[in-house]
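Observations on the three-dimensional arrangement
Read off the chains here:
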Amino acid sequence: MTKADIVNEITKKTGIDKQTVLTTVEAFMNAVKDSLSNDENVYLRGFGSFVVKKRAQKTARNISKNTTIIIPEHNIPAFKPAKTFTISVKK
């Protein structure tokens, strides 16, 4: 499902025009991105949590040059679904 599909689905279910729904969906996504970039987790009860995870420094291999490189410690975004969300997907 794409963002356009989500906008169409919300428009059908609520009767709100597409442009308003698109603006709202984009504002939500920007709010989540801004929060995660500021190391703040986003918790949506009954849906799940968008969290920032720290990845430790590690060594890796560049196969084409046959060299070892060091990947520094960095943060990555992650999603942890709520228990009710997980149960509904399993059914």
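Residues numbered from 1 in each chain as written. Predicted model: local features only at pLDDT ≥ 70, side-chain atom pairs only at ≥ 80, totals over all residues. Heavy atoms only, no water.

**Quick word on the pattern of salt bridges**
How we decide: For salt bridges, the criterion is a side-chain nitrogen of Lys or Arg within 4 Å of an Asp or Glu carboxyl oxygen. Runs of E in the DSSP output that reach at least two residues are strands. Runs of H or I that reach at least four are helices, and both are numbered from the N terminus. Each residue gets one of three labels from its accessible area relative to the maximum for its type: buried under 20%, exposed over 50%, partly exposed in between, using a 1.4 Å probe on protein chains only.
Here the structure, examined in full by the defined rule, presents two salt bridges. Between Glu-26 and Lys-3 there is a salt bridge, and its shortest N-O distance comes to 3.2 Å. Taken together, the positions of Glu-26 in helix α2 (residues 18-37) and Lys-3 in helix α1 (residues 3-14) put the pair 23 residues apart, joining distant regions of the chain. What makes Glu-26 partly exposed here is its relative accessible area of 33%. Judged by relative accessible area, which is 33%, Lys-3 ranks as partly exposed. Note that Glu-9 and Lys-13 form a salt bridge whose closest N and O atoms lie 3.7 Å from each other.

**Considerations on the packing of aromatic side chains**
Basically, it comes down to this: For Phe, Tyr and Trp, rings pair up if their centres lie within 6.5 Å, where Trp contributes its six-membered ring, and each pair is then called stacked (planes under 30 degrees apart), edge-to-face (over 60) or tilted (otherwise).
Counted according to the given criterion, the structure contains four aromatic pairs. Aromatic pair Phe-47 and Phe-79: ring centres 5.5 Å apart, planes at 55°, arrangement tilted. Separated by 32 residues along the polypeptide, Phe-47 in the loop between β1 (42-44) and β2 (48-55) and Phe-79 in strand β5 (residues 74-81) bring together distant segments of the chain. For Phe-47, a relative accessible area of 36% gives the class partly exposed. Given the relative accessible area of 34%, Phe-79 is considered partly exposed. A centroid spacing of 5.1 Å and a plane angle of 50° characterise the contact between Phe-47 and Phe-85, whose relative ring orientation is tilted. Placement of Phe-47 in the loop between β1 and β2 and of Phe-85 in helix α3 (residues 83-90) is noted, with a sequence separation of 38 residues between them. An aromatic cluster of at least three residues, connected via ring pairs, comprises Phe-47, Phe-50, Phe-79 and Phe-85.

**Here we look at the side chain of Thr-11**
Threshold: Throughout this description, a polar contact denotes any pair of N or O atoms lying within 3.5 Å of each other; where both atoms belong to protein, one of them has to be capable of donating a hydrogen while the other can accept it, and for residues adjacent in sequence the pair is counted only when both atoms sit in side chains. Contacts are residue-level and defined by heavy atoms, with any inter-residue pair within 4.5 Å sufficient.
By secondary structure assignment, the location of Thr-11 is in helix α1. At a separation of 2.7 Å, a polar atom in the side chain of Thr-11 contacts the main-chain carbonyl oxygen of Val-7. Contact partners of Thr-11, with chain neighbours within four places excluded, come to Ile-16, Asp-17, Lys-18 and Val-21.

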